Amino acid sequence: MSNTPAADALNPDDRAGQALAWMRRWSHWFRDTCTIDDLPHCDTRAMSVITSETSRLKRHQLFPPHSGSILDWLPDDLLAELVEEGCSAIAERGYQVDGKWNAEVGPVAESLLDLVDLPSVVRRVASIHVTQPHAATYIGYRDENDSLDFHVDAPGFGDVNLIICLNHDKPDPLGASETVFVTPEGLVRIASSRGSFILFDGVFTPHGRTPVRRGEQVVLLSLGFKVVQPKRAIRWDHLPIPEA
Ligand SMILES: [Fe+2]
């Protein structure tokens, strides 16, 4: 955390800067406190520290994470096209970010906005009103030990994050990579498979992804939404920061 700017050192009118500093402070603190490839056990001090600190974020959280099958809303043929575009993008144009691979979305993902009413999907799943997604990226975990440390999302990506799994090759389903959320009650692990989704408030729900094993590959489409209702007015300089 040594190179993380303190929120109070920023211009008080610089809301974007304050938001980014707050997000970085939490993410650095998680990295200093536990590692995603060696998760703390439930009766350890590390677990007690991360759950008690995370409990201070809960009242700001719009809703707890939801998971399910996107096939309830996404036609099979469109999913197949997304799988092809996403896997090619990660393999051919992926660039490394924080231990994983990102790639820009292409015309198939962009057509998703016209073909599927995604704000209605979010409303049905989480009873929350959002705009059309304003941010999208493909994410890949393609090399052994690719993973993502616990973090909170940059507020610029959106208030709500919908992650659709396009592909998950699991040579050994036991010990396969999972998304893990830190909650006040402990860690919540969510497995992925083609067509599964997770919807969550990425800004106030710390999360990460455990490492992929040799031969394992994951390709995801991540979409960011802004909330319309309930109104969200965040005072970044008044939010809790980790103390432990
Ligand atoms: Fe994230």
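Along the protein chain, the regular secondary structure elements total five helices and 13 strands. For the protein chain, the C-alpha radius of gyration of 18 Å lies close to 18 Å, the compact-globule estimate for 244 residues. Dimensions of the protein chain along its principal axes, counting C-alpha atoms only, are 50 × 40 × 30 Å. For the protein chain, with 244 residues in total, the buried portion stands at 34%.

Another aspect to go through is the packing of helix α3 (residues 76-93) against helix α4 (residues 107-115). Here α3 crosses α4 at 155°, and the two axes come no closer than 9 Å. Judged on the interaxial angle alone, α4 and α3 are roughly antiparallel. Relative to α4, the crossing made by α3 is left-handed. Along its contact with α3, which presents L78, E81, L82 and E85, the element α4 presents V108, A109 and L115.

Below, the discussion takes up the confidence of the model for the protein chain. Per-residue confidence for the protein chain gives a mean pLDDT of 91, with 94% of residues at or over 70. In this model residues 1-10 is a low-confidence stretch, pLDDT under 50, and it forms 19 contacts with partners more than four residues away in sequence or in other chains.

So, about the nonpolar core. Counting 32 residues, the largest nonpolar core has V122, L162, I164, L199, L220 and L221 as its most contacted members. Sorting the residues of this core by element identifies α3, β3 (100-103), α4, α5 (118-126), β5 (135-141), β7 (160-169), β10 (196-200) and β12 (217-225) as the ones contributing at least two each. If sequence neighbours within four positions are ignored, L162 has contacts with V122, F197, L199, L223 and F225. Listed in part, the 18 residues of the second largest apolar core include M23, V152, V182 and V203.

So, about unusual backbone geometry. Glycine aside, residues mostly have negative phi, and peptide bonds are mostly found in the trans state. One non-glycine residue, D98, lies in positive phi territory at about 55°. Tracing the backbone through its elements, the reader meets D98 in the loop between β2 (95-97) and β3. The class for D98 is exposed, based on 11 C-beta atoms found within 10 Å. Despite not being glycine, N145 has its phi angle at roughly 75°, a positive value. Mapping N145 onto the fold places it in the loop between β5 and β6 (148-151). Overall, N145 belongs to the exposed group, with 12 C-beta atoms counted inside 10 Å.

What follows covers the sheet that holds β10. Across the sheet, which stays open at both edges, the seven strands sit in the order β1-β10-β7-β12-β5-β3-β2 with antiparallel pairing between neighbours. Sheet topology places β1 (66-69) and β2 at the edges, where each strand pairs with a single neighbour. The average undirected angle you get between the axes of adjacent strands in this sheet is 30°. Relative to β3, β2 is paired through three bridges, and the arrangement is antiparallel. Within β3, the residue paired with V97 across the bridge is K100. On top of the sheet, α3 reaches β3, β5, β7 and β12; it is set at about 85° to β7, its chief contact.

Here G94 lies in the loop between α3 and β2. The exposure class assigned to G94 is partly exposed, which follows from the 19 C-beta atoms found within 10 Å. Excluding anything up to four places from it in sequence, G94 contacts A89, W101, N102, A103 and G140.

Taken in spatial order, the four strands line up as β6-β11-β8-β9 in an open sheet, and their pairing is antiparallel. Because the sheet does not close on itself, it has two edges, and the strands there are β6 and β9 (186-190). Across the sheet, the axes of successive neighbouring strands diverge by a mean angle of 20°, strand direction being ignored. Bridge count for β6 against strand β11 (residues 207-209) is two bridges, and the pairing is antiparallel. Across the sheet, H151 pairs through a bridge with H207, a residue of β11. Lying on the sheet, helix α2 (residues 45-55) is in contact with β8 (179-183) and β9; it crosses β8 at an angle near 70°.

Moving on, we come to α3. Because each turn of an α-helix spans 3.6 residues, side chains separated by three or four positions end up pointing in the same direction. Over its 18 residues, α3 extends 25 Å from the first C-alpha to the last, a length consistent with the 26 Å expected when each residue adds 1.5 Å. Along α3, the residues classified as buried are L82, E85, G86, A89 and I90. Looking straight down α3, one finds its buried side chains confined to an arc of 125°; they lie on one side. Turned more than 90 degrees off the buried face of α3, the exposed positions are D76, D77 and E92. Packing partners of the buried residues in α3 comprise β3, α4, β5, β7 and β12.

Rules behind the numbers
Residues numbered from 1 in each chain as written. Predicted model: local features only at pLDDT ≥ 70, side-chain atom pairs only at ≥ 80, totals over all residues. Helix = DSSP H or I, 4+ residues; strand = E, 2+ residues; numbered from the N terminus. Rg over C-alpha atoms; globule rule 2.2 N^0.38 Å. Buried ≥ 20, exposed ≤ 12 C-beta atoms within 10 Å, placed from the backbone. Axes fitted to C-alpha atoms, helices over the stretch in contact; angles between N-to-C directions. Parallel < 35°, antiparallel > 145°, perpendicular 65-115°, else oblique. Left-handed = near helix turned anticlockwise from the far one by under 90°. Contact = placed C-beta atoms within 7 Å. pLDDT = per-residue confidence, 0-100. Core = buried A, V, L, I, M, F, W, Y, C linked by C-beta atoms within 7 Å. Pairing = 2+ DSSP bridges. Expected span 1.5 Å × (residues − 1). Arc of directions from axis to C-beta.

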